[in-house]
Amino acid sequence: MTSRVSGAVTAVLGPTNTGKTHLAIERMCAYSSGIIGFPLRLLAREVYDRVVALKGPEKVALVTGEEKIVPPDARWFLCTAESMPDRDVAFVALDEAQLGADPERGHVFTDRLLHARGRDETMILGSEALKPMIRALVPDAEIVARPRFSTLSYAGAKKISRLPKRSAIVAFSAEEVYAVAEMLRRLRGGAAVVMGALSPRTRNAQVEMFQAGEVDYLVATDAIGMGLNMDVAHVAFAGLHKFDGRRRRRLTVAEMAQIAGRAGRHHRDGTFGALAEEGPDAFLPEEMLAIEEHRFPRLDHLYWREGDPDLSSIDALIESLERKPEPGVLRAAPIATDLQVLKRLADEPWVRDRVRRPAMVARLWAACGIPDFRKVGIDPHARFVSRVFGHLSEGLGHVPHQWFADEIARLDSMAGDVETLAGRLSAIRSWAYIAQRADWLADPKHWAERTREIEERLSDGLHASLTQRFVDKRTTALIRRIGADAGALPVTIGPEGEVLVEDHPIGRLEGFRFTVEAGARANDKRLLLAAAEKRLGTERGRRAEALIAATPDAFSLVEDRLVWDGHAVARLVAGPSLGRPVVRLERDLDCLPPSMRERVKGRLEDWVARTLDRQVPALVRLSALTREAKASPAIRAVAAALEDAGGIVPRQPLRLMIDALSPEERRRLRGLGITIGTLDVFDARLLKPGAAAWRRTLMALWGQSPELGRIGATTLRRDEPGRSVASGFRPLGEQAVRIDLVERIARATHDARQGRGPFAPDAALATSIGLEAATLDRLMGDLGFRKVRGTTEGEPPRWVWRGRPPARPAPRAEARPGNAFAALADWGRTP
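Notes on the structure in this doc start here. (Residues numbered from 1 in each chain as written. Predicted model: local features only at pLDDT ≥ 70, side-chain atom pairs only at ≥ 80, totals over all residues. Heavy atoms only, no water.)

## Here we look at the overall build of the protein chain
Next up, step 1: A tally of regular secondary structure across the protein chain gives 28 helices and 34 strands.
Next up, step 2: Within the protein chain, the proportion of its 831 residues that are buried is 51%.
Next up, step 3: Sequence separation of at least 24 residues holds for 67% of the intrachain contacts in the protein chain that already meet a minimum separation of 6.
Next up, step 4: Carbon and sulfur atoms form 51% of the exposed surface of the protein chain, whose accessible area is close to 37800 Å². (Helix = DSSP H or I, 4+ residues; strand = E, 2+ residues; numbered from the N terminus. Buried < 20%, exposed > 50% of the residue type's maximum accessible area, 1.4 Å probe, protein only. Contact = heavy atoms within 4.5 Å. Areas by Shrake-Rupley, 256 points an atom, 1.4 Å probe, with all protein chains shown as cover.)

## As for the packing of aromatic side chains
Next up, step 1: For the structure on display, the rule yields 16 aromatic pairs.
Next up, step 2: Between Tyr154 and Phe283 the ring centres are 5.8 Å apart and the planes differ by 75 degrees, which places this aromatic pair in the edge-to-face class. With a gap of 129 residues between them, Tyr154 in strand S9 (residues 152–154) and Phe283 in the loop between strand S16 (270–274) and helix H8 (285–293) connect regions that are remote in the sequence.
Next up, step 3: For Phe283, a relative accessible area of 6% gives the class buried.
Next up, step 4: On the basis of an interplanar angle of 50 degrees and a centroid distance of 6.0 Å, the ring pair of Trp607 and Trp694 is categorised as tilted. (Phe/Tyr/Trp six-rings, centres within 6.5 Å; stacked < 30°, edge-to-face > 60°.)

## Observations concerning the pattern of salt bridges
Next up, step 1: Scanning the model with the defined rule gives 50 salt bridges in all.
Next up, step 2: Here Glu287 makes a salt bridge to Arg250, at a shortest N to O gap of 3.0 Å. Note that Glu287 is positioned in helix H8 and Arg250 in strand S15 (residues 248–250), a separation of 37 residues in sequence.
Next up, step 3: Among the residues examined, Glu287 registers a relative accessible area of 6% and is labelled buried. (Salt bridge = Lys/Arg side-chain N within 4 Å of Asp/Glu carboxyl O.)

## Remarks on the pairing of strand S5 (residues 76–80)
Next up, step 1: In terms of burial, S5 is largely enclosed, as 5 of its 5 residues are buried.
Next up, step 2: Of the two faces of S5, the one holding Trp76, Leu78 and Thr80 and the one holding Phe77 and Cys79 are both buried throughout.
Next up, step 3: Bridging between strand S2 (residues 34–38) and S5 involves 5 bridges; their strand directions are parallel. Each bridged residue has a counterpart across the sheet, and for Ile36 the counterpart in S5 is Leu78.
Next up, step 4: Sheet topology places strand S3 (residues 60–63) next to S5; 4 bridges connect them, and they run parallel. Paired with Leu62 across the strands is Leu78, a residue of S5. (Pairing = 2+ DSSP bridges.)

Right, dumping it as structure tokens:
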């Protein structure tokens, strides 16, 4: 942001529950204009609603990466730190400024702390640990200490079943959040769920349930530590370790205090504790004391990165972004996602060819700034950014209307479980971010509204799914009335999985899923479930051991579900690449101990790996080849394109990359089973029924669903499914021909011709395949030949090469018994 003459700078520092954010809102509203930067979109939205109530919607703006509400006469702006506009306003505030020490986003907060200034007043909000940094970097700032309004005390460790009402349980991954919420549903009737990845609409709907008393518990990630206001009396830590994007580590005392400080409201005292009394996830005495007395280690550095980088060239941009700060309290920020993506794209020759002007460098850097909302990892995210920038750097510089429309239409579905809806909600944020760039789409206003509508529908669907999955309102009411001990009731499990408690049919255990009997008496159901819990745990453990010891033929794949003994136990989800899917256990297995769940998952992963190696070996090896450091860019690019397309792709789009392959690299691809054909590049083994089904499943995980052609077919008619190269058939007029047979005809044709003179190809091969005359003519034309009529009447047509050298046909396969058509006879016999 641009430095300008500014008024007084005030740093308001203190623990949570000090009213710092409320003070900043009051101060901003007292001025004629202002900007506040927040760490979370959720918090920016919450404050936006509050300021709108004070000033009216026509005067207040909301600016985040995925959402922009900017009225023409807007004077007060509520933003995420990354989206703070460079405007001349009377008041500027930065919330949670201590996040300048965060390795991923810290450089953004540091830049705002150094340069974001209001004309009349600037306010920096943060924890007391920030004080040394304020003195070093903003020496003229007045530091104001804000004490906590109420006391915060350690209440000891409590099991989930003994947590007091109005408790928030904090976990550090979506899986842990769901597991704790599921346990609360069983023990206490349900819980609201809050995570940073939720949209404001979903988050508000969940908090509303908690605030209204519909549920007594809330399960959240550490996002609640960033100022989200909820009426919480007690904060319980499900664990004290988190994965920070690089490693799994113990929370710092400051992080613990930030989260624990959500307990208590204004002058009402709050408590904190853990679920574990002993072990690595229990509080240490010195940690409890530090949190209660608000004494934390002071920050000795903040992360910095050039906020106004050099856009004269790609290399100058990278150099400026990697520049180190002057010696002092600032440290060079670790390489963030946007810079990692930039450096990968900078290695692509086509990117450098297109980025020769500062304006295009700025456009490339803006594209690299697309956040990885889906958390898919750097490789898939870099490929997504590469495709976006490819469109932004050609033609009119717009993302194609049809591609954008197709991708968001694919996400506009309410079907699926909580994880599926949450995944779609994360994905739509990427498209919402693109739609907010005014120069990236031909009609950005329309698409911004369209993505907002889809996000709202997904939010409503996710809220409904979360409520359905984690809230049992009837049990919530029952648990408030029932206090009897059901532990002594006898439980039996029949041979068909039927579960009975004192001869009452309570439900059925199918695989690992326990389904409650519809006829169970409502007044008894909670007691019966409690009685069944211990016995079900033993039976589930026995079944888990049986699964781990099962032979390979006990497993099967039905669509994306892994089935054992007739029961779905896991599903495949998109992994780092097409050839590396991830096994995700069904939530029915959440009841197993963590160590046993890991063993079950390991057994299923082993079966999937062995099956993939048998059914689609080329995809597995192509995936490895794309990551091979010693491989050339050309062969990695071909391997990546082939893997992304499921091992079957037209040759033309890969022409330049294939031409760059060395003879040795071509031989290597042939060793993987890849045929570099005249018209297509493919692995013929993927056309067999069993392999084709696995390929289709893997592609469906990535949103692609090529249709399967008729089993054993060599040609397809126009009205049959599977008429595409992606499905293994090349459309040629009224017929579509299997691509390996197209290549066989191409090979035979090029073998038959003599130089450039007219020749008559042997029609026997085409006839045996079932090609019609018009289809053969179309294929010959695609192969580069021109028809020449015979000199005498009735003589079959002859063909000549048009003069453009053809792609060399793939070398012949190893000789097989029988004539040239022997392969047709046993097609489809081996799945």
